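# Chain and residue survey
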Amino acid sequence: MQLAGKVAIITGAGAGIGQATARLFVQRGARVIATDLDEAGLAETRQGLGDDMIETLVSDATSVTDAAKAVALASDRFGGLHLLVNVVGGSRPGKTVVDLGEDEWDYWVRLNLTSTFLMCRAAIPAIDAAGGGAIVNIASGAGVTGMGRNPAYVAAKGGVIALTRSLAIDHAPTIRANCIAPGPILTPLMQRNRSEPEIAFMSKLSLVARLGKPEEIGATAAFLCSEDAAFINGELINVAGGRGGPI
Ligand SMILES: NC(=O)c1ccc[n+]([C@@H]2O[C@H](COP(=O)([O-])OP(=O)(O)OC[C@H]3O[C@@H](n4cnc5c(N)ncnc54)[C@H](O)[C@@H]3O)[C@@H](O)[C@H]2O)c1
């Protein structure tokens, strides 16, 4: 019960990493507001968990009003807010900057970076009012090392890493802000973007010879939100199984 007594908002919680994180936070004692565009995905997320522990909200992570609604719901249902995990994001690789339209650039930057800003802006006053807490932002290894044919995603995730450092400085000591850079994780996003042979190839590149599991990112987020991480602030943690396998 690492997170007992805490209230968390988790975005992108209708599938993949966000869904696993929301379920794991509840299993570790937090009460969770799980947000996503996908109502069916959210229903799956709350399956088997008590109504007193999880509330879901169909919302668009790129909307200012929906960010405010999530924070209000945390207060109405669970009496306040301590933790925010910004998971929502995604990409569709395939173009270089030469082929990329401004609309596509704006879409991916808004989904990955602006959503994080909007949710932090809405949540920080509530976390302060509850006496402090923690923010975890999900970036990507792509934001650290780059990635071919995905420039808006790479730039946006690099921005998430830098934004996290800024949050850590501006909101210490009451709020800690840390960032996770997942390596390849087996989620619906991965299955949409990569073929089976590509997934098999990526598994071989990892020192643990497999892709990551969504709950392994959730467990790192839970640690960063817990008292065990009380002296960790403004950091980027790579959760990628180690790189540089046998091929
Ligand atoms: N899967 C990976 O290998 C991997 C690697 C590095 C980083 N990440 C990052 O982890 C995060 C989660 O990735 P995932 O693989 O679980 O993705 P996913 O596509 O499997 O799940 C993302 C969820 O976000 C929701 N969503 C999409 N747009 C939304 C919006 N505008 N508002 C609200 N909800 C919205 C979707 O409905 C879905 O439930 C993303 O930020 C992604 O960039 C993933």
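Above this text sits the structure in question.
For the structure given in this document, a descriptive report is provided here. (Residues numbered from 1 in each chain as written. Predicted model: local features only at pLDDT ≥ 70, side-chain atom pairs only at ≥ 80, totals over all residues. Heavy atoms only, no water.)

Enumeration according to the criterion identifies zero disulfides in this entry. Cys-120 provides the cysteine sulfur closest to Cys-179, a residue in no disulfide bond, and the two sulfurs are 10 Å apart. Judged by its relative accessible area of 1%, Cys-179 is buried. Free cysteine Cys-225: the closest other cysteine sulfur is in Cys-120, separated by 12 Å. Look at Cys-225 and you get buried, because its relative accessible area is 6%. (Disulfide = S-S within 2.5 Å. Buried < 20%, exposed > 50% of the residue type's maximum accessible area, 1.4 Å probe, protein only.)

Between helix α3 (residues 64–78) and helix α4 (residues 102–129), the shortest axis-to-axis distance is 9 Å and the interhelical angle comes to 30°. The orientation of α3 relative to α4 falls into the category roughly parallel. Note that α3 runs across α4; the crossing there is right-handed. Of the residues in α4, those in contact with Val-64, Ala-67, Ala-68, Ala-70 and Val-71 of α3 are Leu-118, Met-119, Arg-121, Ala-122, Ala-123 and Ala-126. (Axes fitted to C-alpha atoms, helices over the stretch in contact; angles between N-to-C directions. Helix = DSSP H or I, 4+ residues; strand = E, 2+ residues; numbered from the N terminus. Parallel < 35°, antiparallel > 145°, perpendicular 65-115°, else oblique. Left-handed = near helix turned anticlockwise from the far one by under 90°. Contact = heavy atoms within 4.5 Å.)

In the contact formed by helix α1 (residues 16–27) and helix α9 (residues 214–225), the axes pass within 8 Å of each other and the chain directions differ by 50°. The orientation of α1 with respect to α9, classified from their angle, is oblique. At the point where α1 passes α9, the crossing takes the right-handed sense. Taken together, the residues of α9 that come into contact with α1 (itself represented by Gly-16, Ile-17, Ala-20, Thr-21, Leu-24 and Phe-25) are Pro-214, Glu-215, Ile-217, Gly-218, Ala-219, Ala-221, Ala-222 and Cys-225.

Turning to the packing of aromatic side chains, a few remarks are in order. For the structure on display, the rule yields one aromatic pair. For the pair Tyr-107 and Trp-108, a centre-to-centre distance of 4.7 Å together with 85° between the ring planes defines the contact as edge-to-face. (Phe/Tyr/Trp six-rings, centres within 6.5 Å; stacked < 30°, edge-to-face > 60°.)

What follows is about the pairing of strand β2 (residues 31–36). Judged by how many residues are buried, β2 sits mostly within the fold: five of six residues are covered. Bridge analysis of strand β1 (residues 7–10) against β2 gives four bridges, and the strand direction is parallel. Within the sheet, the bridge partner assigned to Ala-8 lies in β2 and is Val-32. A crossover links β1 with its parallel partner β2, the connecting element being α1, and its sense is right-handed. (Pairing = 2+ DSSP bridges. Right-handed = clockwise from strand over helix to strand, strands pointing away.)

Around the ligand, 30 residues are found, and the nearest of them are Asp-36, Val-87, Tyr-153, Ile-185 and Thr-187. A distance of 3.3 Å separates an oxygen atom of the ligand from a polar atom in the backbone of Ala-15. Within the backbone of Gly-89, one N or O atom sits 3.5 Å away from an oxygen atom of the ligand. Of all elements in the fold, only α1, α6 (151–171) and α7 (188–193) reach the threshold of two or more residues within the shell around the ligand. Counting residues per element, the shell around the ligand draws most heavily on α7, at four residues. (Near = heavy atom within 4 Å. Polar contact = N/O pair within 3.5 Å; in protein donor to acceptor, adjacent residues only side chain to side chain.)

Once that is clear, we can look at the sheet that holds strand β4 (residues 83–86). Spatially, the seven strands line up as an open sheet ordered β3-β2-β1-β4-β5-β6-β7, and their pairing is parallel. A single partner strand is all that each edge strand has here, and the edge strands are β3 (54–58) and β7 (236–239). The sheet shows a mean angle of 15° between the axes of neighbouring strands, taken without regard to direction. Strand direction decides the pairing type here: β2 and β3, joined by five bridges, are parallel. Paired with Val-32 across the two strands is Ile-54, which belongs to β3. In this fold α3 packs onto β1, β2 and β3, with an angle of close to 155° to the strand it touches most, β3.

Bringing helix α8 (residues 196–205) into the picture now. Buried within α8 are the following residues: Ile-199, Met-202 and Ser-203. One side of α8 holds all its buried residues, which, seen down the axis, span an arc of 105°. (Arc of directions from axis to C-beta.)

For Ala-122, the position within the fold is in helix α4. Taking C-alpha positions, Ala-122 is 14 Å from Thr-35, a pair spaced 87 residues apart along the chain. Discounting residues that sit within four places of it in the chain, Ala-122 has contacts with Ala-67, Ala-68 and Val-71.

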